[in-house]
Amino acid sequence: MSDNRYDVIIIGTGAGGGTMAYHLAPTGKKILVLERGDYVPREKANWDPQVVNVDAHYNTKESWLDSDGKDLHPHTNYYVGGNTKFYGAALFRLRTEDFGELRHQGGISPAWPISYDDLEPYYTQAENLYQVHGNRGEDPTEPPANSPYPWPAVSHEPRIQQLSDDFARSGLKPFHVPVGVMLDERNPTKSRCIRCNTCDGFSCLVGAKSDAQVICVDEAIKYPNVTLLTNALVQRLDTDAGGREVRTVIVERKGQIETYTGDIVVVSCGAINSAALLLRSANDKHPRGLGNSSDIVGRHYMGHTNSVLMAISKCPNPTIFQKTLGVNDFYFGSDDFPYPMGHISFVGKLDAITLKAGAPAIAPNFTLELMAKHSLDFWLTSEDLPDPNNRVTIGRDGKIVLSYTPNNLEAHTRLQAKLKHAMKQTNCPIHGNECHQGVFGQGFFGRNFYVGQRIPLAGVAHQNGTIRFGHDPKTSALDVNCKAHDLDNLYVVDGSFFPSSAAVNPALTIMANALRVGDHLKSRLGVSTERTTSSPEIALSR
C-alpha cells in the first residue's frame, strides 16, 4: 500500500485538473493524476467532419437520464486533456462586473466571494501558459489587465474582416476573439498551427491547439514525481472514521479495483461528474454525499443558453479559420433592453457534411454545398441563472440524472434579434445591404450544431455550478480556496465552483482558478509559490 500513497491526487486532466498538475509538478511532491479515459488516438479521423460531427465517434458512449427518466447522450469527451481536446479554444476573462451581483430580466446573478482583482494575476498567468492570442482595448466590456496578451490576435480572413468593418460602420465595436492556438503569423513556415478548418470541435492532429493535454499534462509528466494513470475511473472517495478527511480513492482500472491514498485530493471531473462523484461517495458521516451538509452539491447547474445562427450571403464565405470575430456591445444590455443579453462570436466554419445531418431547406435554391460556401456561422451565448432545482442527482441504477429548466430566455431572444438587425445594416460592395438573405436555421446539424435553436441539454460543453464556493457553509459547498467546508483535504477545481455562469466561455476562468488554488496548495505543502508557467516563446518552439 505504501507505493499507493501520494502527497496529492488529482482526478481529471482537463482545464482544471491538467492545469493543476502542471502547476504543482515542479514542487517535487509525489503526485498522482487519474484520468478515466485515454489519449485521443492520433489518426486521420481526428480531422474528419463525418466522423467527428456526424458520427460523434469521440463522444462518450455513456448515457445519462433527464428529469423525465429519458436517456440523455451527453456531448462530452473522456480523454487526457478533458473537453479541451475538442473545445474551440476561445479563452475569455470574465468581465469585472460578472464577479458582482447583476440584475437580469430573469432574476439575479449572484456575486462571487472573490473579486476580479483577486483573479487578475492568475488570468495573466493562464493567458501566457495557454498562449492566448488577442488584442487589448478592442472589446468594450473587457476588464482591466496588467499586461498585454502574450501573442497578437489571430487575424481576420477577408470575409470576416469585411463583416467586422460593416459592424464598426454601424456603430458596433467588434473585436478579435482571444484564442489559444500555437500560431505564429509572422513566421508561418515554422508555425506549429497551420490555421486549418478543423479546430473548433476537433482534436488537433498536429498538437497546435492550446489544450490541457499538450500544454499541461504532457509537461507535468516529464517530472519524475508525477504519475499519470489513464483508463482509471474513480468510483468513489472514502473518508477516515471521523469523516474529516478523504483517505482513499477507489479506482476501477483494467477491470480491477485499485485504491490510492492522498494527503490532498483534488477533484476536477467537470461540473456534472464531480458532483456525481461526491454524491456517490456518501457515507455515515456524509449521508447526502461528501461535502454536502449544505445540500448544495449537484444543485445550481448552469451551462449557458447557447445557439448557433447561420447567415446566408449572396457573396461566398471562403473563410477557413472563422472563429476570430466577436461582438459584446449587448453583453450588459442596450437602451431598449437594460438587462444583460450576452455574447456574439463564431463557431468553426460549417461544412456540407455537417449540415447534411438532418438539415432542412434553409434558403431557397441553396444546396447544402452552396449553403456551406455562403454561410456565416454565429455562436451566441447568454447567461443562465443559478436555480437550485437545476441539478445533478444519482438515479437508483447509479446513472447520472441531469434536471434542467431553461431560464432567463428573454435575454437570448433579444440577443438573437440584435444580431439579425446588425446583419441588415451590412453594406456589401456588390449587393449593398441586400447581400445577407437573413439569419436562418431550424433543426439539428450534426453533433453540436442546432442551427436556429438553443443547444439542448446534452450540449454540456460549458457546464458549471453544482459545487459552488462561498464564505457561508450553509449556502456553499466550498470555501474561497475551493476546499470543501466539510473536509480538510478535498478540493474541487473544475467549473463546479462557479456561483454564476456569466456569458463567456468558462475555460480560462477554470484555468486561472486552478493556478490560484495551486498557489494555496503550494503554501499548504510548504513549498514556494514561485510562478511556474512557461513563457509563450518557449512554448511555441516546442
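Notes on the structure follow. Counting restarts for each chain, with residues numbered from 1 along the sequence as it is written. Local features in a predicted model are, by the rule used here, given only for residues with pLDDT of at least 70; side-chain atom pairs are given and counted only at 80 or more, and totals for whole chains, interfaces and linings are based on all residues. Values reported for side chains reflect all heavy atoms of the structure, with hydrogen atoms and water molecules removed beforehand.

**A closer look at the overall build of the protein**
Heads up, the rule is: Elements are defined by DSSP. Helices are runs of H or I of four residues or more, strands are runs of E of two residues or more, and each kind is numbered from the N terminus. Any residue under 20% of the maximum accessible area for its type is buried, any over 50% is exposed, and the rest in between are partly exposed; the area is computed with a 1.4 Å probe on protein chains only. Residue contacts are defined here by distance: any two heavy atoms, one from each residue, within 4.5 Å place the two residues in contact. Reported accessibility uses the Shrake-Rupley method at a 1.4 Å probe radius. Residues are deemed covered only where the shown protein chains occlude them. A residue counts as positive if it is Lys or Arg and as negative if it is Asp or Glu; His and the chain ends are not included. A charge is said to be at NZ when it belongs to Lys, at CZ for Arg, at CG for Asp and at CD for Glu.
Helices and strands together make up the secondary structure of the protein, namely eleven helices and 23 strands. Counting only C-alpha atoms and orienting by the principal axes, one finds that the protein spans roughly 75 × 50 × 45 Å. Buried residues in the protein amount to 63% of all 542 residues. Of the contacts made within the protein by residues no fewer than 6 positions apart, 73% connect residues no fewer than 24 positions apart. Of the roughly 20000 Å² that the protein leaves accessible, carbon and sulfur atoms contribute 50%. Across the protein, the centroid of the 53 positively charged side chains sits 2 Å from that of the 58 negatively charged ones.

**Quick word on the sheet that holds strand β20 (residues 400-403)**
Hydrogen bonding along the main chain pairs the strands of a sheet, whether they run parallel or antiparallel. Note the following rule: Any two strands are treated as partners once DSSP identifies two or more bridges connecting them. Fitted lines through C-alpha atoms give the axes, limited to the stretch in contact for helices. The angle between two N-to-C directions lies from 0 to 180 degrees.
Taken together, the four strands give an open sheet; going across it, the order is β4-β3-β20-β19, and neighbouring strands pair in mixed fashion. Edge positions in the sheet fall to β4 (71-72) and β19 (391-394), since each has one partner strand and no second. In terms of strand pairing, strand β3 (residues 64-66) meets β4 through two bridges, oriented antiparallel. Looking across to β4, one finds that tryptophan 64 is bridged to leucine 72. Helix α6 (residues 271-280) rests against β3, β19 and β20 of the sheet, and its axis sits at about 40 degrees to β19.

**Side note on the side chain of histidine 343**
To keep it simple, the criterion reads: A 3.5 Å cut-off defines polar contacts: any pair of N or O atoms within that distance qualifies, except that in protein one atom must be a possible hydrogen donor and the other a possible acceptor, and neighbouring residues in sequence count only when both atoms are side-chain atoms.
By the element assignment, histidine 343 lies in strand β17 (residues 343-346). Judged by its relative accessible area of 0%, histidine 343 falls in the buried class. A polar side-chain atom of histidine 343 sits 2.7 Å from a polar atom in the side chain of asparagine 328. Not counting the four nearest positions on each side in its chain, histidine 343 is found in contact with Phe92, Phe175, Val327, Asn328, Tyr331, Trp379, Leu380, Thr381, Leu415, Ala503 and Val504.

**Thoughts on the packing of aromatic side chains**
Our working definition: Any two rings among Phe, Tyr and Trp, with Trp reduced to its six-membered ring, count as a pair given centres within 6.5 Å; such a pair is stacked if its planes are under 30 degrees apart, edge-to-face if over 60, and tilted if neither. In this scheme, Lys NZ or Arg CZ marks a charge over a ring once it lies within 6 Å of the ring centre and within 35 degrees of the ring normal.
Enumeration according to the criterion identifies 17 aromatic pairs in this entry. Consider the rings of tyrosine 6 and tyrosine 260, whose centres lie 6.4 Å apart with planes at 55 degrees: the pair is tilted. Taken as a pair, tyrosine 6 in strand β1 (residues 5-11) and tyrosine 260 in strand β13 (residues 256-267) lie far apart in primary sequence, 254 residues in all. Residue classification places tyrosine 6 among the buried residues on the basis of a relative accessible area of 7%. For tyrosine 260, a relative accessible area of 6% corresponds to the buried category. Both rings, one in tyrosine 331 and one in phenylalanine 332, keep their centres 4.9 Å apart while their planes meet at 75 degrees; by these two values the pair is edge-to-face. Here a set of aromatic residues connected by ring pairs shows up, and it is made of Phe99, Trp112, Tyr116, Tyr123, Phe469, Phe497 and Phe498. Its end group placed over the ring of tyrosine 6, lysine 30 keeps NZ or CZ at 4.6 Å from the ring centre.

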